[in-house]
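Letter by letter, the chains look like this.
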Amino acid sequence: IGGEIRMSAGASSAGAVGGRFSVESGDSTSGSSGEVLLRSVDAATGSGLMVLSTGAATAGPTGKIQIGSGASTGARAGDVYVTSGTGTVGNGGEIYMSAGHATAAGGAVGGRFTVESGDSTAGSSGEVLIRSVDAVSGSGMMVLSTGAATTGDTGRFTLGTGTTASGRGGDV
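A brief report on the enclosed structure follows. (Residues numbered from 1 in each chain as written. Predicted model: local features only at pLDDT ≥ 70, side-chain atom pairs only at ≥ 80, totals over all residues. Heavy atoms only, no water.)

Now for the overall build of the protein chain. A tally of regular secondary structure across the protein chain gives zero helices and zero strands. Here the protein chain has a C-alpha radius of gyration of 22 Å; the compact-globule value for 172 residues is 16 Å, and the former is much larger. In terms of its C-alpha atoms, the protein chain occupies a principal-axis envelope of roughly 60 × 50 × 45 Å. By residue count, 0% of the 172 residues in the protein chain fall in the buried class. For the protein chain, contacts bridging at least 24 residues in sequence account for 0% of all contacts bridging at least 6. (Helix = DSSP H or I, 4+ residues; strand = E, 2+ residues; numbered from the N terminus. Rg over C-alpha atoms; globule rule 2.2 N^0.38 Å. Buried < 20%, exposed > 50% of the residue type's maximum accessible area, 1.4 Å probe, protein only. Contact = heavy atoms within 4.5 Å.)

This part takes up the layout of surface pockets. For the largest pocket, the calculated volume is near 1,900 Å³. Along the walls of the largest pocket sit 33 residues, with Met97, Phe113, Val115, Leu129 and Ile130 positioned nearest its centre. For the lining of the largest pocket, the residue count by class is 19 nonpolar, nine polar and five charged. When its volume is computed, the second largest pocket comes out at roughly 1,100 Å³. Looking at the lining of the second largest pocket, its residues break down into eleven nonpolar, nine polar and one charged. (1 Å grid on protein atoms, 1.4 Å probe; cavity = no way out; pocket = protein on both sides within 12 Å on 5 of 7 lines; lining within 4 Å. Points joined across faces, edges and corners; volume = space filled by probe spheres on them. Nonpolar A, V, L, I, M, F, W, Y, C, P; charged D, E, K, R; others polar.)

Let us now look at the environment of Gly34. By relative accessible area, which is 38% here, Gly34 ends up partly exposed. For the pair Gly34 and Ala59, spaced 25 residues apart in sequence, the C-alpha separation works out to 38 Å. If we skip the residues at most four places from it in the chain, Gly34 touches Ser25 and Gly26.

In this section: the pattern of salt bridges. Oppositely charged side chains are able to pair whenever their charged atoms sit close together. Counted according to the given criterion, the structure contains two salt bridges. With a closest N to O distance of 2.9 Å, Arg168 and Asp171 form a salt bridge. A residue is classified by how much of its surface remains accessible, and Asp171, at 59% relative accessible area, is exposed. (Salt bridge = Lys/Arg side-chain N within 4 Å of Asp/Glu carboxyl O.)

The following block contains the structure:
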């Protein structure tokens, strides 16, 4: 096994906050800022695992994870891509996203999962495209469904367009 590199910010006790750990690229006064590459490299029998996670908490909420591009005042904002690997022999990799589950008694609710387009103060909001793409021997299945319930009602499923104060309502 190759050598291990471990970097850690300072610990804290007595209700104080632990140290901050920052990794950032260099800035530029006349061009683009530098790149930050965080990855598991290629290997013969499988590349390594990569985990991006906040720690657990015994009292109080756990930390947030925010992934996004910066704002731009003079050009188009940056894109964010989440992609899985291509399989040249087997299947392509899966992308699994899930909101948190609740285990507390008393009607606690699981986390909300939201997918929405960006808004605009001067034009239309962005598009949301959810689809199974084209393929040679059959495109993939797509399921939009609420979950089952052992006691109580199952979830409601609503499909519709928004309202408008001056204009034609959208088609469904």
